[in-house]
Amino acid sequence: MLSIDCPWCGARDETEFHYGSQAHVSYPENPDQLSDEAWAEYIFYRDNPKGWYQERWVHTAGCRRWFNLWRNTATHQFGPSYKPFTQAPERPQ
Amino acid sequence: MSLVNFEFDAKILSGQKGEPLAAALLKNGIKTFTESTYLSRPRGVMALGAEEPCALVQIDSGAGEPMFPATQVELVAGLAARGLAGIGDLPNVNDDARYDKANRHVEVLIIGAGLAGLRAAKSAIKKNQRVMLIDDAPTPGGFASQSNQVIDPELLAVLEAPNLVHLQRTTAVGLYDQGYVVAIERRTDHLAANYDPKIARIRTWHIRAKEIILATGAFQRYLVFPNNDRPGIMLSHAAATYVDKYQVNIFKNAVVVTVDDQGYLDALRLHKNGVKVHAIVDVRSKVSGNLVNEVKSLGIELFFNSTITNSGADQNGELSSVEISQVDLSGKNIDKTKEISCDLLAVSGGWTPTVHLATFIGIKPKWIKEKAAFVLQDLPKGISAVGTVAGDFGKVANPPAIFFGILPEDELAQVSFIDLQRDATVRDLKRATGAGLTSIEHIKRYTTIGTAHDQGKTSGTTTIGLLSQLINKEPQEIGTLTFRPPYIPVPFAALAGRDRGELSDPIRTTPIHQWHQEAGAPFEDVGQWKRPWYFPLADEDMDQAVARECLAARNQVAVMDASTLGKIDIQGPDAAEFLDRIYTNMFSTLKINHSRYGLMCGVDGMVFDDGVTTRLGENHFLMTTTTSGAAKVLDWLEEWLQTEWPELKVYCTSVTEHWSTVAIVGPKSRELMKKLSPDLDVSNDAFPFMTNQFAKVAEVPARIARISFSGELAYEINVEAIYGLHVWNAVIEHGKEFGITPYGTETMHVLRAEKGFVIVGQETDGTQTPQDLAMDWIVSKKKDFIGKRSFSRSDTAREGRHQLVGVLPTDKKALLPEGSYLVAKDSSQAVVGSNHLGHVTSFYYSAELDRTFGLAILENGKNRIGEKLMVPIFDEKVEVEITEPIFYDKENLRRDG
């Protein structure tokens, strides 16, 4: 049971949250003008790094708000979490 | 201490209350507790605690326990146990005991209340930290207490500190990231049988600690030689503790075999308690110091450069003699020197620190040659180790030998046990290395060493040591076995706690639930909701009830509780714009108090959910979702609002539980509506399809919607949840003269399928576009919405995708299981690989059509309409015709009555 730091509610149990894939993947401005390849890139392709990764989570059983956080996929460590549309903290060391 | 009676293998025995069952059995002269799992060799007790590989028992008294080491069972009056040959039976009576869970956040968690743990607690308490100290034994003190040493009362006083939570009989079974530890506290098994049943038998602790201090100590290892498993052969510390602490007096003549100084200490303890120690057999060439002098002065014979190379047994298979031979440290050059008669062989094979918990989070123990042990060192932040587990073995005069036993050939290899629980021997290990295996993980799986209940607590390092000899690698290169939680076997009941039976998952019921129960309806689980399935009359079975309910809805009037539909209240100046982006069809053009069916897709263009949304005001909508999709849809809406379109002023609130919905369905529903709400103009002109009216129904305020999920004239009466049952009762009462018939989810499914209405999640599986479902009409060309771009992707736009169709068996009575495959008419019988063209998603008997029918998802379905296909069901093939996915009232003539 991981403990996740919701930027609004503080540290809460993992079971209160839902995962929302990679952070900072924006909906394209003009989907109509994208090639099939570029659109497929948006809907299907995500990074899969070993190490620090920016992810999106939602505190479903709490404040119901979405936020971003840094997580290390190799060590399970969490870095800082932050609200959407705010400056992302630096990649943790 | 008091004497109590207990039962073992159907014999009545007596022993001291509170002592380990293993000690009580020994005192009763029982050395053989059970047989080994695979070879049926007699086995007794080898160790002291959770590490015990042999002495398993089944507990039949109290709540029962299918498998537990006798070393960890505390004797109570009335205990009934049986020796267990490795495989237990679940008790076949209900377990009435209570189990519960507790959470605790602390600054420091110390695992193990031996001297090292107590000292760590003392210093943490001084720092005014919130401390928790847990230990798996009945009393604190660990090794010192087992060794009958007096513990400094000042140290024991820390247990009284107000900032300390102290638990004995509590085993940490899991250690996870972020200082999370799960522990199992055994609270009642050691009490007399008549304890207060309100006390939970086991409490599962979920502990979060800023800092974890592992003071888990170490286990002694045994040595490998032929017939090293006989009852009477024990770890030396265990043997000395049974004799000294628990006054086991059945052993008369002992031999000690050792690789370290512990053997000498234990020899002295045995001697002091009246056991004649004939010899100490030490593999080392030279030892010095007071200990050795003391042993010599007692006349105990010393054999250096020697070990035990075989053992003899009496007629019961219990130890009667040992064979002593000269060996070098590789275990070779065996030169037999002597045979000694004895009834106890105390084995001191070195210490194996209890590193398991740390390895659960990926920590690799370090091999320290001088200590012949894997220890915990250089741990990550937040976790530390103290005492033996950290390699602090105290002052030792002579370093231990790195020696794990001998590796005999042929028949002797087959009785030289490495993992006693698994009956795995030197022969198995040699076969593994002979087959070319060198990885400890491969060898574990090939030989099964370390896979029993004890996970190789006593055998792990021995295996690694012998393997290092066989393949000429250092133990550090081989590494330890991967241990996994739980550290000891844990009953499922302990993990479930009180979340059993109806508490295992939340149950959601509507305000009308009680009426459904009283009407005798069976319930269907839809997500966490209990929905009435059908309402059988006297002797009806399900098919009869559903046929009757369907005919009532089509020909008279029927009523359904639709309260479970997900409802999301959406408000804000940009609500209409928001819905335009979410739904495939337009909502900004919807008039106030009008409703519209909407479909939403994922960005990949696949149907995600559907439902009717009503505009209650310029900036106010009420969305309905599928019953099971409500939470998912709300998350989805919030995701877009919060992460993509923060500029939209829209607020979403779940109101599913706030409203009760009673749907009245059928050609006579208008007359019934008139009765229920006499002031309401229910004519089709004043109250057309897909519009809403506000009126009183049975004297309570209601929103009435002309919505139909059956194709019939229908009204959905929405009232505040507290009025749900009241309105339902009024509908039943007023409906009597029209023959009102309540119906459940099954009839709802049949009615909608007759009209070809899909259920998201039944007809769809996340790979269907609206076009695949023949719903092109709902896809707006005028606006962008989530998923739209995907409709022009080559794969989504291509011809011949899997599409929704109807299926009609040629035999009108044939029933097809939902999920059945559709294959070409000339296809071979077996469905193999790619010859299936699609599958049946819904299938029912229609009373209205007096035949069976279904919906299916079929490859190139739109172009196969009119074709005949086959559905293989076991040895049969059922011929079906592919049709348009609509079977009833294609012209929508019935919805306006």
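Residues numbered from 1 in each chain as written. Chains lettered and ligands numbered in written order. Predicted model: local features only at pLDDT ≥ 70, side-chain atom pairs only at ≥ 80, totals over all residues.

Asker: Whenever I open this one, the overall build of chain B confuses me. Can you help?
Answerer: Across its full length, chain B holds 22 helices and 47 strands. Here the C-alpha atoms of chain B give a radius of gyration of 37 Å, more than 25% beyond the 29 Å that 2.2 N^0.38 yields for 897 residues. In chain B, which comprises 897 residues, the share counted as buried stands at 49%. Across chain B, the fraction of contacts at a sequence separation of at least 24, relative to all contacts at a separation of at least 6, is 66%. (Helix = DSSP H or I, 4+ residues; strand = E, 2+ residues; numbered from the N terminus. Rg over C-alpha atoms; globule rule 2.2 N^0.38 Å. Buried ≥ 20, exposed ≤ 12 C-beta atoms within 10 Å, placed from the backbone. Contact = placed C-beta atoms within 7 Å.)

Asker: Explain the interface of chain B and chain A to me, please; I cannot follow it from the model alone.
Answerer: Facing 20 residues of chain B, the contacting portion of chain A comprises 21 residues. Ranked by the residues each element gives to the side of chain B that touches chain A, the list is headed by helix α18 (residues 630-643) of chain B, at five residues.

Asker: How should I be thinking about the sheet that holds strand β16 (residues 253-258) of chain B in this particular structure?
Answerer: Strands in a sheet are paired, the pairing made by backbone hydrogen bonds, and the direction either parallel or antiparallel. Residues and elements named next belong to chain B. The strand order β15-β22-β16-β17-β18 describes an open sheet built from five strands, whose pairing is parallel. Looking at strand neighbours, the two that pair on one side only are β15 (233-235) and β18 (301-303), the edges of this open sheet. Taken pair by pair, the neighbouring strands of this sheet meet at an average axis angle of 20°, ignoring direction. Relative to strand β22 (residues 344-348), β15 is paired through three bridges, and the arrangement is parallel. (Pairing = 2+ DSSP bridges. Axes fitted to C-alpha atoms, helices over the stretch in contact; angles between N-to-C directions.)

Asker: Help me understand the sheet that holds strand β3 (residues 18-22) of chain A in this model?
Answerer: Residues and elements named next belong to chain A. Strand order in the open sheet formed by four strands is β3-β4-β5-β6, with antiparallel pairing between adjacent strands. The sheet is open, and its two borders are formed by β3 and β6 (78-82), each paired with just one other strand. Each neighbouring strand pair of the sheet contributes to a mean axis angle of 30°, computed without reference to strand direction. Relative to β6, strand β5 (residues 66-72) runs antiparallel, the two being bridged by three bridges. Within β6, the residue paired with Arg71 across the bridge is Phe78.

Asker: What is the right way to look at unusual backbone geometry in this model?
Answerer: Peptide bonds are, in most cases, trans, and in most cases residues other than glycine have a negative phi. Residue and element names in this part refer to chain B. Along the chain, Pro485 connects to Pro486 via a cis peptide bond; the corresponding omega equals -5°. Here Pro486 shows up in the loop between α13 (475-478) and α14 (492-496). Phi angles above zero are rare outside glycine, and Asp410 is one such case at about 55°.

Asker: Got a minute to help me understand the pairing of strand β1 (residues 3-8) of chain B in this structure?
Answerer: All names here are of chain B. Of the strand pairs in this sheet, β1 and strand β2 (residues 11-16) are connected by six bridges, and their pairing is antiparallel. Within the sheet, the bridge partner assigned to Glu7 lies in β2 and is Ile12. Once β1 ends, the chain turns through two residues before running back antiparallel as β2, passing Asp9 with a positive phi of about 45°. Judged from the two bridges that link them, β1 and strand β7 (residues 80-83) form a sheet pairing that is parallel. What sits directly across from Glu7, in β7, is Ala80.

Asker: I keep staring at the nonpolar core and nothing clicks. Help me out?
Answerer: When a protein is soluble and globular, its nonpolar side chains tend to lie buried together. Grouped together as the largest cluster of nonpolar side chains are 95 residues, with contacts concentrated most on B:Ala558 and B:Ile664. When residues no more than four places from it in sequence are discounted, the contact partners of B:Ile664 are B:Val557, B:Val559, B:Ser669, B:Leu672, B:Met673, B:Ala714, B:Tyr715 and B:Val731. (Core = buried A, V, L, I, M, F, W, Y, C linked by C-beta atoms within 7 Å.)

Asker: What exactly am I supposed to notice about α18(B) here?
Answerer: Note on helix geometry: an α-helix contains 3.6 residues per turn, so any two residues three or four positions apart are oriented the same way. Here α18(B) spans 20 Å end to end across 14 residues, near enough to the 20 Å set by a 1.5 Å rise per residue. Residues B:Ala630, B:Val633, B:Leu634, B:Trp636, B:Leu641 and B:Thr643 constitute the buried set of α18(B). Against β4 (52-58) and β5 of chain A together with β32 (566-571), β34 (607-617), β35 (620-625) and β36 (651-654) of chain B lie the buried residues of α18(B). (Expected span 1.5 Å × (residues − 1).)

Asker: Help me understand the environment of B:Pro69, please; the structure alone is not making it clear to me.
Answerer: All names here are of chain B. With respect to the element layout, Pro69 can be found in strand β6 (residues 65-69). Residue class for Pro69 comes out buried when judged on the 28 C-beta atoms lying within 10 Å of it. Between the C-alpha atom of Pro69 and that of Trp636, which follows or precedes it by 567 residues, the distance is 51 Å.

Asker: Which parts of the structure should I look at to understand the packing of helix α19 (residues 669-676) of chain B against helix α20 (residues 724-735) of chain B?
Answerer: For any two helices packed against each other, the geometry is given by the interaxial angle and the distance between the axes. All names here are of chain B. Two numbers describe how α19 lies on α20: the axes approach to 10 Å, and their chain directions differ by 115°. The interaxial crossing formed by α19 with α20 has right-handed handedness. On the side of α19, the interface is formed by Leu672, Lys675 and Leu676, while α20 contributes Ala730, Val731, His734 and Gly735. Residues of the contact of α19 with α20, tallied by class, amount to four nonpolar, two polar and one charged. (Left-handed = near helix turned anticlockwise from the far one by under 90°. Nonpolar A, V, L, I, M, F, W, Y, C, P; charged D, E, K, R; others polar.)

Asker: Whenever I open this one, the packing of helix α5 (residues 236-244) of chain B against helix α6 (residues 262-272) of chain B confuses me. Can you help?
Answerer: All names here are of chain B. Here α5 crosses α6 at 20°, and the two axes come no closer than 9 Å. Of the possible angle classes, the one that applies to α5 and α6 is roughly parallel. Once α5 is placed against α6, the crossing between them reads as left-handed. Within the contact between the two elements, α5 uses Ser236, His237, Ala239, Ala240, Val243 and Asp244 and α6 uses Gln262, Gly263, Asp266, Arg269 and Leu270. Grouping the constituent residues of the contact of α5 with α6 by class yields four nonpolar, four polar and three charged. (Parallel < 35°, antiparallel > 145°, perpendicular 65-115°, else oblique.)

Asker: Teacher, can you tell me more about the confidence of the model for chain B here?
Answerer: A low pLDDT score tells you not to read the predicted coordinates there in detail. Model confidence for chain B is summarised by a mean pLDDT of 95, while 99% of its residues fall at 70 or above. Scored as a whole, the predicted complex attains pTM 0.89, and scored at its interfaces, ipTM 0.96. (pLDDT = per-residue confidence, 0-100.)

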